[in-house]
Amino acid sequence: MIRNILAFGVLPHYGNPKESNHSDGHGGTSHSHIGHGDHDSSVQTASNLKASFTFASGVAKTNTDVELNIQIKDNEGNLVKEFERSHEKLLHLIVVNKDLSYFSHIHPEYDGNGNFKINTTFLNGGGYKFFADILPKGGSSTTLSEWVKVEGEEKALEPIEADTKLVKVVDGKEIELTISNTTAKDEITLTFNIVDAQTKKGISNLEQYLGAVGHVVILSDDAEQYLHVHPMDEKATGPKAEFMTSFPKSGTYKIWGQFQHQGEVFTVPFAVDIK
Ligand SMILES: [Cu+2]
């Protein structure tokens, strides 16, 4: 019975199945988190799962180590306890702030009994959106999200504007993003080309990070549209890493690519306008 409930677990305001892409690594292209239900006549659009994000201390304060607890419950309030690993982890937690200048991708520990926890520290107060990517046993990949407030001094928010040049230097690497097309709803290929920032030589020994050459998280500027995309060729090692996705609607989106080289994970942010 749980099986059926979980199969269509989606976030209530995620009505469009295209909104949450997550490759399962079998087909080589990204696909909808919740698309598995598309063919079923009994497909439900409302969420049957809910994540609760709470702090052991009650409230989270800046510059303090806080313990974050996450529980997933079904629509009857029962704890969901069985999860499958997806890209090596039972739960992937993405945290962003309001202007998307802060991005964190972390992996809470699971106690096997319905409780995930992780310790973290916030440097600035304000609103943060938490996204938990999970794969309930017998269900399909699901993203559950919530805005959470952190108390403390807030940093002035910057407008989110598309980059004029899609080239960034991070940790000694120069990363160029090529986007095949910028029309909403079209199939789009995102190609990251990663070279040594000094020598401009392509880096061809990227390491597997969470079971793939890279991970891409995409968010609309209001943090409503969330996409977690995996590479077309997960076993690629660079200098190019390609991802296929589709932006649900027009607007400005932030794109974070995450890769691993010589044991270090680096995150490269871009912002693009989609027509
Ligand atoms: Cu993760």
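The coordinates are above.
As the structure is a computational prediction, the values presented were derived from the model and not from experiment.

A look at the pairing of strand β4 (residues 91-97)
Summarising burial for β4: seven of the seven residues are buried, a large majority. Burial of β4 is two-sided: the residues Leu-91, Leu-93, Val-95 and Asn-97 facing one way and the residues His-92, Ile-94 and Val-96 facing the other way are all buried. Of the pairings in the sheet, the one linking β4 to strand β8 (residues 126-134) comprises seven bridges and is antiparallel in character. Bridge pairing in β8 links Val-96 to Lys-129.

Quick word on unusual backbone geometry
Each neighbour pair has its own omega, and for Gly-238 with Pro-239 the value is 0°, a cis peptide bond. The residue Pro-239 is located in the loop between β14 (226-229) and β15 (240-245) in this model. The backbone of Glu-88 sits at a positive phi, close to 75°, despite the residue not being glycine. Structurally, Glu-88 can be placed in the loop between β3 (65-74) and β4. One non-glycine residue with positive phi stands out, namely Lys-185, at about 75°.

A word on the pairing of strand β9 (residues 142-151)
For a regular strand, side-chain orientation follows a simple rule: the groups alternate between the two sheet faces. Direction of pairing for strand β2 (residues 60-61) relative to β9: parallel, over a ladder of two bridges. Looking at the pairing, Lys-61 lines up with Glu-151 of β9.

Examining the sheet that holds strand β17 (residues 264-274)
Each strand in a sheet pairs with its neighbour through backbone hydrogen bonds, running either in the same direction (parallel) or in the opposite one (antiparallel). Sheet architecture is open: four strands sit in the order β14-β13-β16-β17, paired in antiparallel fashion. The sheet is open, and its two borders are formed by β14 and β17, each paired with just one other strand. With strand direction ignored, the average angle separating the axes of adjacent strands in the sheet is 15°. For strand β16 (residues 251-261) and β17, the ladder comprises eleven bridges, and the chain directions are antiparallel. The residue of β17 that forms the bridge with Tyr-253 is Val-272.

Let's talk about the sheet that holds strand β10 (residues 167-170)
Read across the open sheet, the four strands follow the order β10-β11-β12-β15; overall the sheet is antiparallel. The open sheet has two edge strands, β10 and β15, and neither has a second partner. Each strand of the sheet is rotated relative to its neighbour by a mean of 20°, with strand direction disregarded. Note: β10 against strand β11 (residues 173-179), four bridges, orientation antiparallel.

Section: the side chain of Gln-260
Among the structural elements, Gln-260 can be located in strand β16. Look at Gln-260 and you get buried, because its relative accessible area is 17%. In this structure Gln-260 touches Leu-206, Glu-207, Gln-208, Tyr-209, Val-265 and Phe-266, once residues within four positions along its chain are discounted.

Describing the coordination of the copper ion
Taken together, the protein ligands of the copper ion are His-92 (ND1), His-105 (NE2) and His-107 (NE2), with distances of 1.7 to 2.0 Å. Read in sequence order, the donor residues coordinating the copper ion give the pattern H-x12-H-x1-H. One end of the pair, His-92, is in strand β4; the other, His-105, is in strand β5 (residues 103-106), with 13 residues separating them in the sequence.

Things to note about the nonpolar core
Soluble globular proteins: nonpolar side chains tend toward being buried together. With 29 residues, the main nonpolar core has Leu-190, Phe-192, Ile-218, Phe-247, Ile-255 and Phe-259 as its most contacted residues. Secondary-structure elements contributing two or more residues to this core are β11, β12 (188-196), β13 (215-220), β14, β15, β16 and β17. When residues of this core are assigned to their parent elements, the largest contribution, five residues, is made by β17. Core analysis: the next-biggest nonpolar cluster, separate from the first, contains 27 residues, Leu-49, Val-95, Ile-106 and Ala-132 among them.

Regarding the environment of Gly-125
Within the secondary structure, Gly-125 sits in the loop between β7 (116-121) and β8. In sequence terms Gly-125 and Asn-63 are 62 residues apart; their C-alpha atoms lie 9.3 Å from each other. Leave out the neighbours within four places in its chain, and Gly-125 touches Thr-62, Val-150, Glu-151, Gly-152, Glu-153 and Glu-154.

Quick word on the packing of aromatic side chains
Within this structure, the stated rule accounts for 17 aromatic pairs. Plain terms: the ring middles of Phe-192 and Phe-270 are 6.1 Å apart, the flat faces sit at 55° to each other, and that makes the pair tilted. Placement of Phe-192 in strand β12 and of Phe-270 in strand β17 is noted, with a sequence separation of 78 residues between them. These aromatic residues form a ring-pair network of at least three members: Phe-53, Phe-55, Tyr-102, Phe-122, Tyr-128 and Phe-130. Taking the ring centre of Trp-147 as reference, the NZ or CZ of Lys-98 above it sits at 5.3 Å.

Parameters and conventions
Residues numbered from 1 in each chain as written. Predicted model: local features only at pLDDT ≥ 70, side-chain atom pairs only at ≥ 80, totals over all residues. Heavy atoms only, no water. Buried < 20%, exposed > 50% of the residue type's maximum accessible area, 1.4 Å probe, protein only. Helix = DSSP H or I, 4+ residues; strand = E, 2+ residues; numbered from the N terminus. Pairing = 2+ DSSP bridges. Axes fitted to C-alpha atoms, helices over the stretch in contact; angles between N-to-C directions. Contact = heavy atoms within 4.5 Å. Donors = N, O, S within 2.8 Å, 3.2 Å for Na, K, Ca; no water. Core = buried A, V, L, I, M, F, W, Y, C linked by side-chain atoms within 4.5 Å. Phe/Tyr/Trp six-rings, centres within 6.5 Å; stacked < 30°, edge-to-face > 60°. Lys NZ or Arg CZ within 6 Å of the ring centre and 35° of its normal.

These results come straight from atomic positions and should not be treated as a statement about function.
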